[in-house]
Amino acid sequence: MTENNNGVIPVEEDVFAAPMAGRRDVREALQAIPIPETSVPDDTPDDGREPIVFLDDIHVTFKTRTGSLLHPNKVKAVRGVTIKLMPGETIGIVGESGCGKSTTANVLCGLQAPTSGKVYFKGKDVTRRTAADRKTIGRVLSVVFQDPATALNARMTIHDQLLDPMIVHNVGDPASREKRIRDLIHLVGLPSSCLEALPGQMSGGQRQRVAIARALALEPEAIIADEPTSALDVSVRAQILNLLMDLKKELNLAMVFISHDISTVRYISDRLIVMNKGVIVERGTAKEVFENPKDPYTKLLLGAAPSLLHPGEESFR
């Protein structure tokens, strides 16, 4: 981080290194911003291509354990979200904890059924998915979870973890599967010797590389990455981001990248979606959102976010 003429680091360069009172001020300012009733309309250009996944006016409501038995309190986690994931495109979803971004990702990959709205997979309505639908979608859409330590089976070797998706989906013969495993491990920058290791014998960055390799095992068209770098050190975080960028270009992958770090999302995304309390408050290309933010919530996020990848970069206000 850079210092000014008085030798003082400006607060906006690293809000989270400021005293606790400063952090409370940011949180209070975020809470004070009014939330629209529904999400900003979809702005995906219509170029004639069919989206891989299309969320149409998705709402997700959870019942809480508070309230009466017949009338429990409800939390509207997602309200009126519409997203089109196009081939080869990276969509970044950003917002503070509890804004609904991970619930949206769960709807995208089928782990959460929407309360209302429609989910389309390559033009087919899969809102209520059958087992056959899940298997078909699993070949095309893979997920990289936040914590590789829990996403990987602690009792399976890396070799077996990469082999498992191919067995489940009956892909290839034994010889082609072994070749694919070795190709995958080299693709993510790990040596073949790690194939016989257990996840607990590897570092956090290496485990996340294995998780990415497993997500690529079935040659998917799209990956949903739910905060894949938040559990990693800053130096390792940059390596994983570079790896994802390289894989996206090399394999022409579509990607949904979810994070609370708006600087990280900017680095990797083509289009950006900003969520607040279940609602999309702003969307556009990454350049548009960063250079000309319209919503006060987005402006506050940009002003408060430290730039971990480019520390010398001037903060947006």
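This text goes with the structure placed above it.
Residues numbered from 1 in each chain as written. Predicted model: local features only at pLDDT ≥ 70, side-chain atom pairs only at ≥ 80, totals over all residues. Heavy atoms only, no water.

**Q** Which residues make up unusual backbone geometry, and what values do they have?
**A** Phi at D57 is positive, roughly 55 degrees, even though this residue is not glycine. With respect to the secondary-structure elements, D57 resides in strand 1 (residues 53-67). With phi around 50 degrees, K122 is a residue other than glycine that occupies positive phi space. Within the fold, K122 resides in the loop between strand 4 (116-121) and strand 5 (124-125). K122 gets classed as partly exposed once you look at its relative accessible area, which sits at 34%. (Helix = DSSP H or I, 4+ residues; strand = E, 2+ residues; numbered from the N terminus. Buried < 20%, exposed > 50% of the residue type's maximum accessible area, 1.4 Å probe, protein only.)

**Q** Hey, could you go over the packing of helix 7 (residues 204-215) against helix 8 (residues 234-251) for me, with residue numbers and the actual values?
**A** For the pair helix 7 and helix 8, the least separation of the axes is 10 Å and the interaxial angle reads 20 degrees. In terms of their interaxial angle, helix 7 and helix 8 are classed as roughly parallel. In this structure, helix 7 meets helix 8 at a crossing whose hand is right-handed. Contacts between helix 7 and helix 8 involve G205, Q208, R209 and I212 on the former and, on the latter, V236, Q239, I240, L243, L244 and L247. Here the residues of the contact of helix 7 with helix 8 sort into 6 nonpolar, 3 polar and 1 charged. (Axes fitted to C-alpha atoms, helices over the stretch in contact; angles between N-to-C directions. Parallel < 35°, antiparallel > 145°, perpendicular 65-115°, else oblique. Left-handed = near helix turned anticlockwise from the far one by under 90°. Contact = heavy atoms within 4.5 Å. Nonpolar A, V, L, I, M, F, W, Y, C, P; charged D, E, K, R; others polar.)

**Q** Provide a residue-level description of the environment of K101, including the pertinent values.
**A** Of note, K101 is situated in helix 2 (residues 101-109). Residue class for K101 comes out buried when judged on its relative accessible area of 4%. Taking the C-alpha atoms as reference points, K101 and H260, 159 residues apart in sequence, are found 9.0 Å from one another. Ignoring anything within four residues of it in the chain, the contact list for K101 reads I93, V94, G95, E96, E227, I258, S259, H260 and M275. Polar side-chain contacts of K101 include one of 3.0 Å to the backbone oxygen of G95. Reaching out from K101, the side chain makes a polar contact with the backbone oxygen of E96 at a distance of 3.2 Å. (Polar contact = N/O pair within 3.5 Å; in protein donor to acceptor, adjacent residues only side chain to side chain.)

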